[in-house]
Amino acid sequence: MTSLKDIARECHVSVATVSKALNNHSDISEERKAMIRHKAEEMGYHPNLFARTLKTKRSYNIGVLFTDEANNGLTHDYFAAVLDSFKVAVEQKDYDLTFLNCNQGRKHHMSYLERARYRGFDGVVIACVDFTDPEVLELVKSDIPIVTVDYVFNDRMAVMSDNVSGIEDLLSYIYQMGHRKIAYIHGADSHVTRSRLSSFFRTAEKLGLEIPDTYILESEYRDVEGAAKATAKLLDMQDPPTCIMYPDDLSAFGGINVIRKRGMSIPEDISLVGYDGIRLARHVVPMLTTLKQDTLHIGRYAAEKLIDLIENPRTAVREITNVKGTVFEGQTIRKMFEQNWRDND
């Protein structure tokens, strides 16, 4: 087995220099680090995890609390993509991931905190859970390093998709396409929903849009059937909207089903937009117009923030990081003619 001494001998440096290079210390030049790391990889060097654990007092294992009331789990396209990015980033830093399960099927119940301590997690990432769950709150209030995704706790690191700018950009794009009768089917009450609704009404006011109360409906996130019912209600109105905004892409598919069953065309008869930018949305016909969330950077930033908190607890800044998404124009928004704009104004 290749040792640090073997690498040091080949590189003509001290063992201490090899150790610092492999552990990314700042007092070693990047050029020398690259040279030593290349030689270590070439020689098939693998660090002794047990020895590293004894030395650093860390397990190099991060817990993942990832479940919700709807039991979407890894089928939740948005959060699954975030988690995949998170996984890649932490593995690049030689950390492993272990899911922090909910004890289903176990004879003796252990809380999330008890299981996290039992597993010796260095830190935990929390996403897509019921954040009001007493066990989740107990874990968040503990001394274990925590980063949350799309939810904010006081004095805890959080990485958020910028829902405020996302809705503003999406609604502004719809407005620029000439629509003035815009309905919004929003998700169930949550921190994300409240941010999006506030942004929707603020942007509408800035654009001079008058949104009737009847144009604002609620449906659970990722609820195809609920979104379909809400869509039918909007289409049955005496003065229906020309465009419907949905809480997520999957919900938008529910709306599409109803619209097509009525013999209506998208976007000629009715326009619509989703939210999330899941891969499937780019493979339907017509391609769904949506707000594509930056899952790559959300996951990566969550990993970087959590590892910084684990390795540098005294200097890591407990902050909220907002990650902006982008409008994917797709093909489900009709460009209204100028006469239509005047008629709607």
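Scope of this entry: the structure provided in the associated data block. In this text, all values refer to a predicted model and were calculated from it rather than measured experimentally.

If you tally the helices and strands in the protein chain, you get 13 helices and 12 strands. When its C-alpha atoms are laid out on the principal axes, the protein chain stretches across 80 × 50 × 35 Å. Burial analysis of the protein chain (345 residues in total) assigns 49% to the buried set. The contacts in the protein chain between residues at least 6 apart in sequence include a share of 69% that link residues at least 24 apart. In the structure as shown, the protein chain presents an accessible area of about 18200 Å², 49% of it carried by carbon and sulfur atoms. Taking the average place of the 43 positive charges on the side chains of the protein chain and the average place of its 50 negative ones, the gap between the two points comes to 6 Å.

This part covers the environment of F131. Here F131 lies in the loop between β3 (123-127) and α7 (134-140). On a C-alpha basis, the gap between F131 and M245 in space is 26 Å, while along the polypeptide they are 114 residues apart. Excluding anything up to four places from it in sequence, F131 contacts I126, V136, L137, T148, V149, Y151 and F153.

Turning our eyes to something else, we now look at the pattern of salt bridges. Within the structure shown, the criterion is met by 14 salt bridges. Two residues, K87 and E91, come together in a salt bridge whose shortest N-O distance is 3.1 Å. Of the two residues, K87 and E91 both sit in helix α5 (residues 77-92), 4 residues apart, roughly one turn of that helix. Residue E91 is classed as partly exposed on the basis of its relative accessible area, which comes to 38%. Among the salt bridges present, the one from K305 reaches E319, with a minimum N-O distance of 2.3 Å. Of the two residues, K305 is situated in helix α12 (residues 295-311) and E319 in the loop between α12 and β11 (320-323); the sequence distance between them amounts to 14 residues. On the basis of relative accessible area, E319 is assigned to the partly exposed category, the value being 32%.

With that settled, consider the packing of helix α10 (residues 224-235) against helix α11 (residues 249-261). Interhelical geometry of α10 versus α11 gives an angle of 50° and a closest axis separation of 7 Å. It follows from the interaxial angle that α10 and α11 lie oblique. Remark: the crossing between α10 and α11 carries right-handed chirality. Residues V224, A227, A228, T231, A232 and L235 of α10 touch α11, and the partners they reach there are L250, S251, G254, G255, N257, V258 and I259. When its residues are assigned to classes, the contact of α10 with α11 shows 8 nonpolar, 5 polar and no charged.

With 16 residues, α5 extends 23 Å from end C-alpha to end C-alpha; this agrees with the ideal 22 Å at 1.5 Å per step. Three or more residues of α5 are buried, namely Y78, F79, A80, V82, L83, S85, F86, A89 and V90. Residues of α5 that are buried make contact with β1 (61-66), β2 (96-99), β3, β4 (146-149), β5 (157-161) and α12. With its phi angle positive at about 70°, D94 sits one or two positions after the end of α5.

Conventions and cut-offs
Starting afresh in each chain, residues are numbered from 1 along the sequence in its written order. Side-chain atom pairs in this predicted model are given and counted only at pLDDT of 80 or more, local residue features only at pLDDT of at least 70, and totals for whole chains, interfaces and linings cover all residues. Side-chain calculation: all heavy atoms of the structure are included, whereas hydrogens and water are not. Only runs of H or I of at least four residues qualify as helices and only runs of E of at least two qualify as strands under DSSP, and these elements are numbered from the N terminus. When accessible area is computed with a 1.4 Å probe and restricted to protein chains, residues below 20% of their type maximum are described as buried, those above 50% as exposed, and intermediate ones as partly exposed. Residues count as neighbours in contact if any of their non-hydrogen atoms are within 4.5 Å of one another. To be clear on the numbers: accessible area is Shrake-Rupley with a 1.4 Å probe, and residue cover counts the displayed protein chains and nothing else. Think of it this way: Lys and Arg go in the positive column, Asp and Glu in the negative one, and His and the chain ends go nowhere. The location of each charge is read from NZ of Lys, CZ of Arg, CG of Asp or CD of Glu. Throughout this description, the term salt bridge denotes a Lys or Arg side-chain nitrogen within 4 Å of a carboxyl oxygen of Asp or Glu. Where helices are involved, their axes are fitted lines through C-alpha atoms of the stretch in contact, as for all axes, and angles between N-to-C directions lie from 0 to 180°. The cut-offs work like this: below 35 degrees is roughly parallel, past 145 is roughly antiparallel, 65 to 115 is roughly perpendicular, and the gaps in between are oblique. Left-handed describes a crossing whose near helix is turned anticlockwise from the far helix by less than a right angle; the clockwise case is right-handed. Under the scheme applied, nonpolar residues are Ala, Val, Leu, Ile, Met, Phe, Trp, Tyr, Cys and Pro; charged residues are Asp, Glu, Lys and Arg; polar residues are all the others, including Gly. What a helix is expected to span follows from its residue count: subtract one and scale by 1.5 Å.

So far we have only geometry, and geometry alone does not tell us how the molecule works.
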